[in-house]
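Breakdown of the fold
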Amino acid sequence: MSAADAYDVVVVGAGTAGIPCAVNAADAGARVLLVEKDSRIGGTLHVSGGHLAAAGTRRQRERGIEDSPQAHRADIARISHGTARDDLVDLLVAEAATTIDWLDERGFAFAPETPRIVYGHEPYTTARTYYGTDEGLSVLEVLRPELERACAERDLTLWTNAPVTELLTGADGTVTGISVYRDGRETTVRADAVVLATGGYGADPDLFLELEGAPLVSATSRTATGDGLHLGRSVGARLQGAGSSLPTFGGLPDPRTPGRANWSDRQRLTSERPPWEIYVDRAGSRWVAEDEDSIDVKERALAEVTDRTFWTVFDDAALTQATGTMRQMVVGHEPDAVRAMMNTRPGVHCAGTLAGLAELAGIDAPGLERTVSAYNGAVEAGSDPAFGRTFLPAPIATAPFYAIRNHAITLVTFQGLDVDGSFAVRDEAGRAITGLYAVGEVIGAGATSGNSFCSGMLVTPALTFGRLLGAALGTAARKGTAASESAEVRERTAP
């Protein structure tokens, strides 16, 4: 085999975790191949809000915000109810500030209001969430020149349009390389270490149904097809994070692609504005207090709704008052813009009667009429005995009536490849698979968020763990002793 066919490190996936992993491995002295199946780099950064979280950063100090890794750790434990991986969270909170400062030093375009407390999910107690002026693309605008620099100055090669089709193994199960489809043919690449950084499975309905037991409605990257999980399982890897999945309230149904939602024009959460609407399921029944402050409570309730599908139901009086940025029913849309969508986009309906609305939307008509009548009675009485809702501004009585279909939206996936503290992938017996590592969403959001959404706890771990693993593998390669690789990784990733 020629030298061109062999690398110290192969990284599969040029996204949030894969790019910093490859760059840091090359900077540490390794010969590195970065392989991406898409025509462009960046992965989920093209669709992500790019939220990051860290305590004790330079930016916090400049703004007089007192914070510590210990306080960050305590918030994660509180929000996740202790369901995240302690070892990985401990490592993350210890290293996260270094990652944010690293971005800062490279001109990251912080949104001026950050760090701040974000209320889209259960909030932190301290302002420690950051994001860029161009969301996930702001992160990519730092990673891209870093990758270009490393390709020019180090022994780093990037292949795009190159899906990996197989992990190669030796007789003892050691991963020895990859098979990749490139330029119309299968190419074999040998490597001392293979890193899977392929993202999640939010665009693979079959795998999602297998792992989560629920239908998939996705707002993730279309390339998030579970490649890393399929590759890892093919060599005996076990998964972690079962049972940790949590849905989120998401965007309007995509007008062209069934099973997808548009996060960019989502309905504004009722934790952001007082709700004039009600939520009903297929039977036309309410299932939660719409003014519940805790989005976590509402997401957990949504997980129990039939097909994880519900409708926001309101009348024209409610829509008329939904004007101004923070009062809009749909983000970025004033009332007339919402009216213009009705009966033209999938899942967005309008009718002159509740029965007609139910027929258009696929809701049980008698059930919806009973529910609206009961809700209107609660408004008149000033008390909601069914769910304890306290914001009861007006009955749903002014035609026309509206219904917007909602689903449990998948923004991230929670199960992933099980890894040890050095990011070595483990088999069903809990043993490290020699030569195989994983970082990023491929290890599952549940690893660092548990059964919850912790702000910034997917992008930050991807960047941080990618950097740490790359540096460790690069150092091991520079020493030229593959046998010391695992120990080197453990040493350099220890908190």
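Residues numbered from 1 in each chain as written. Predicted model: local features only at pLDDT ≥ 70, side-chain atom pairs only at ≥ 80, totals over all residues. Heavy atoms only, no water.

In the annotation of an unreviewed UniProt entry, the entry for the protein reads FAD-dependent oxidoreductase, and the organism field reads Mumia zhuanghuii. UniProt, in its Cofactor (unreviewed entry) section for the protein, records the words "FAD". (UniProt positions renumbered as here; feature names shortened; annotations may be inferred.)

The subject of this paragraph is the pairing of strand β16 (residues 401-409). Taking burial as the measure, the nine residues of β16 include eight buried ones, the bulk of the element. Bridge analysis of strand β10 (residues 248-249) against β16 gives two bridges, and the strand direction is antiparallel. Looking across to β16, one finds that T248 is bridged to I409. Here seven bridges tie strand β14 (residues 309-315) to β16, and the two strands are oriented antiparallel to one another. Within the sheet, the bridge partner assigned to F310 lies in β16 and is N406. As judged from the four bridges shared by strand β15 (residues 348-351) and β16, these two strands associate in the antiparallel manner. What sits directly across from C350, in β16, is Y402. (Buried < 20%, exposed > 50% of the residue type's maximum accessible area, 1.4 Å probe, protein only. Helix = DSSP H or I, 4+ residues; strand = E, 2+ residues; numbered from the N terminus. Pairing = 2+ DSSP bridges.)

The contact between helix α11 (residues 354-361) and helix α12 (residues 365-381) brings their axes to 9 Å, and the two run at 130°. The angle between the axes of α11 and α12 places the two elements in the oblique class. Viewed along their axes, α11 and α12 form a crossing whose handedness is right-handed. Taken together, the residues of α12 that come into contact with α11 (itself represented by L354, A355 and A358) are A365, L368, E369 and V372. Residues belonging to the contact of α11 with α12 are distributed by class as follows: six nonpolar, no polar and one charged. (Axes fitted to C-alpha atoms, helices over the stretch in contact; angles between N-to-C directions. Parallel < 35°, antiparallel > 145°, perpendicular 65-115°, else oblique. Left-handed = near helix turned anticlockwise from the far one by under 90°. Contact = heavy atoms within 4.5 Å. Nonpolar A, V, L, I, M, F, W, Y, C, P; charged D, E, K, R; others polar.)

Moving on, we get to the packing of aromatic side chains. Applying the stated criterion across every chain yields a total of nine aromatic pairs. Both rings, one in F423 and one in F465, keep their centres 4.8 Å apart while their planes meet at 40°; by these two values the pair is tilted. A residue pair is termed long-range when its members are at least 10 positions apart, and F423 in the loop between β17 (416-417) and β18 (424-426) and F465 in helix α14 (residues 459-479) qualify at 42 residues. Three or more aromatic residues joined by ring pairs form one cluster here, namely F108, F110 and Y130. Directly above the ring of Y7 sits R31, whose terminal nitrogen or CZ lies 4.4 Å from the centroid. In this arrangement the basic side chain of R128 is found over the ring face of Y124, its NZ or CZ atom lying 4.8 Å from the centre. (Phe/Tyr/Trp six-rings, centres within 6.5 Å; stacked < 30°, edge-to-face > 60°. Lys NZ or Arg CZ within 6 Å of the ring centre and 35° of its normal.)

Bringing the side chain of D427 into the picture now. Mapping D427 onto the fold places it in the loop between β18 and β19 (432-438). Of note is the side chain of D427, whose polar atom sits 2.9 Å from the backbone nitrogen of A429. Apart from residues lying up to four places away in sequence, D427 is in contact with G236, A237, R238 and I433. (Polar contact = N/O pair within 3.5 Å; in protein donor to acceptor, adjacent residues only side chain to side chain.)

Next up on the list: the pairing of strand β2 (residues 32-35). On β2, burial covers both faces: V32 and L34 on one face and L33 and V35 on the other are all buried. Bridge analysis of strand β1 (residues 6-12) against β2 gives four bridges, and the strand direction is parallel. Bridge pairing in β2 places V12 opposite V35. Chirality of the crossover, the property in question, places the unit of β1, helix α1 (residues 18-27) and β2 among those that are right-handed. Alignment of β2 against strand β5 (residues 156-159), held across four bridges, turns out to be parallel. Looking across to β5, one finds that L33 is bridged to T157. (Right-handed = clockwise from strand over helix to strand, strands pointing away.)

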